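A closer look at the structure
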Amino acid sequence: IRDRYMGHYYLVTALELLYNLSNNRMTEFHSALELLRPDDLSNNLIDYVVKLERAFQIGSYGDVLRARDNLPSPYFKPFMARINSAIAFEISRSLERAYQSLDLADAKKIYKVQNDDDLQAIIRDGQASAEENGYQ
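Read on for an overview of the structure. (Residues numbered from 1 in each chain as written. Predicted model: local features only at pLDDT ≥ 70, side-chain atom pairs only at ≥ 80, totals over all residues. Heavy atoms only, no water.)

Brief notes about the environment of Ser31
Filter applied, for reference: Numbering of helices and strands starts at the N terminus; helices are DSSP runs of H or I of at least 4 residues and strands are runs of E of at least 2. Exposure categories follow from relative accessible area, calculated using a 1.4 Å probe and restricted to protein chains: below 20% of the type maximum is buried, above 50% is exposed, and the middle band is partly exposed.
Along the chain, Ser31 turns up in helix α2 (residues 26-34). The class of Ser31 is partly exposed, set by a relative accessible area of 39%. For the pair formed by Ser31 and Leu17, sequence separation is 14 residues and the distance between their alpha carbons is 9.6 Å.

See the structure below:
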């Protein structure tokens, strides 16, 4: 029976990990990760989330942003949107300290977006995230 449901097992497990990661529930993320068998970690869905967490934790935001282009499951998309918002917030906090001003062209390069509308969406998400996290 276990073999029959292994595909669902890996998907549900990866979604649980991604949920914890996207909600910054790192204790739960690592607790769930510790319960996995070594061969579970080689599954492409679980491996994707583990690599994503590593990139996020070391601040390799470019790798995290590029990961959204190679989702192993369409079910990952809503979680990636939340992670991308968190990254935009962290980048914004860094930019605030690093620059007194920043023109739109440079901001689009930093956030890896092509047009002004996408940049405006990032700014709106960042403002909402700042408010959620107690920043004004």
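A look at helix α6 (residues 104-111)
Threshold: It is the directions from the helix axis to the C-beta atoms whose arc is reported. A 3.5 Å cut-off defines polar contacts: any pair of N or O atoms within that distance qualifies, except that in protein one atom must be a possible hydrogen donor and the other a possible acceptor, and neighbouring residues in sequence count only when both atoms are side-chain atoms.
Regarding α6, the residues found buried are Ala107, Lys108 and Tyr111. Relative to the axis of α6, the buried residues are bounded by an arc of 100° and lie together on one face. Sitting at the head of α6, Asp103 places a side-chain oxygen 3.3 Å from the backbone nitrogen of Ala105. Two residues or fewer past α6, Lys112 is found with a positive phi of approximately 60°.

Some thoughts on the environment of Asn43
Inspection of the secondary structure assignment puts Asn43 in the loop between α2 and α3 (44-57). Take Asn43: its relative accessible area is 14%, and that puts it in the buried class. Considering only alpha carbons, one finds Asn43 and Ala14, 29 residues apart in sequence, at a separation of 9.3 Å.

Describing the nonpolar core
Rules: Within this scheme, the nonpolar core is defined by two criteria: the residues are buried Ala, Val, Leu, Ile, Met, Phe, Trp, Tyr or Cys, and they are joined through side-chain atoms within 4.5 Å. Whether two residues touch is decided by their heavy atoms; if any such pair falls within 4.5 Å, the residues are in contact.
If you look at the biggest cluster of nonpolar residues, it comprises 35 residues, and the most contacted ones within it are Leu17, Leu18, Val49, Leu52, Phe76, Ile83 and Tyr111. When residues of this core are traced back to their parent elements, those giving at least two are α1 (6-22), α2, α3, α4 (61-67), α5 (77-98), α6 and α7 (116-132). No other element matches α3, which puts eight residues into this core. Sequence-distant contacts of Leu52, defined by excluding residues within four places in its chain, comprise Leu18, Leu21, Val64, Ala67, Met80 and Ile83.

Side note on unusual backbone geometry
Among all residues save glycine, negative phi is the norm, and among peptide bonds the norm is trans. Positive phi outside glycine occurs at Asn24, with the angle close to 55°. A residue is classified by how much of its surface remains accessible, and Asn24, at 56% relative accessible area, is exposed.

Looking at the packing of α3 against α5
How we decide: Simply put, an axis is a line fit to the C-alpha atoms, just over the touching stretch for a helix, and the angle between two N-to-C directions goes from 0 to 180 degrees. Oblique is the label for every angle not falling under 35 degrees (roughly parallel), over 145 degrees (roughly antiparallel), or within 65 to 115 degrees (roughly perpendicular). Amino acid classes used here: Ala, Val, Leu, Ile, Met, Phe, Trp, Tyr, Cys and Pro are nonpolar; Asp, Glu, Lys and Arg are charged; the rest, including Gly, are polar.
Running from N to C, α3 and α5 cross one another at 10°; their axes reach a closest spacing of 12 Å. Accordingly, the angle class assigned to the pair α3 and α5 is roughly parallel. Contacts between α3 and α5 involve Tyr48, Leu52 and Phe56 on the former and, on the latter, Met80, Ile83, Ala86 and Ile87. The residue inventory of the contact of α3 with α5, partitioned by class, reads seven nonpolar, no polar and no charged.

A short note on the pattern of salt bridges
Defined as follows: Between Lys or Arg on one side and Asp or Glu on the other, a salt bridge is scored when a side-chain nitrogen of the former is within 4 Å of a carboxyl oxygen of the latter.
Using the criterion set out here, one finds six salt bridges in the structure. As a salt-bridge pair, Asp47 and Lys51 come within 3.0 Å of each other at their nearest N and O atoms. Placement of the pair is Asp47 and Lys51 together in helix α3, with a separation of four residues, close to one helical turn. The exposure class of Asp47 is partly exposed, given its relative accessible area of 23%. The closest approach of N and O atoms between Arg66 and Asp63, which form a salt bridge, is 2.5 Å. Linking Arg66 with Asp63, this pair stays in helix α4, spanning three residues, or about one helical turn.

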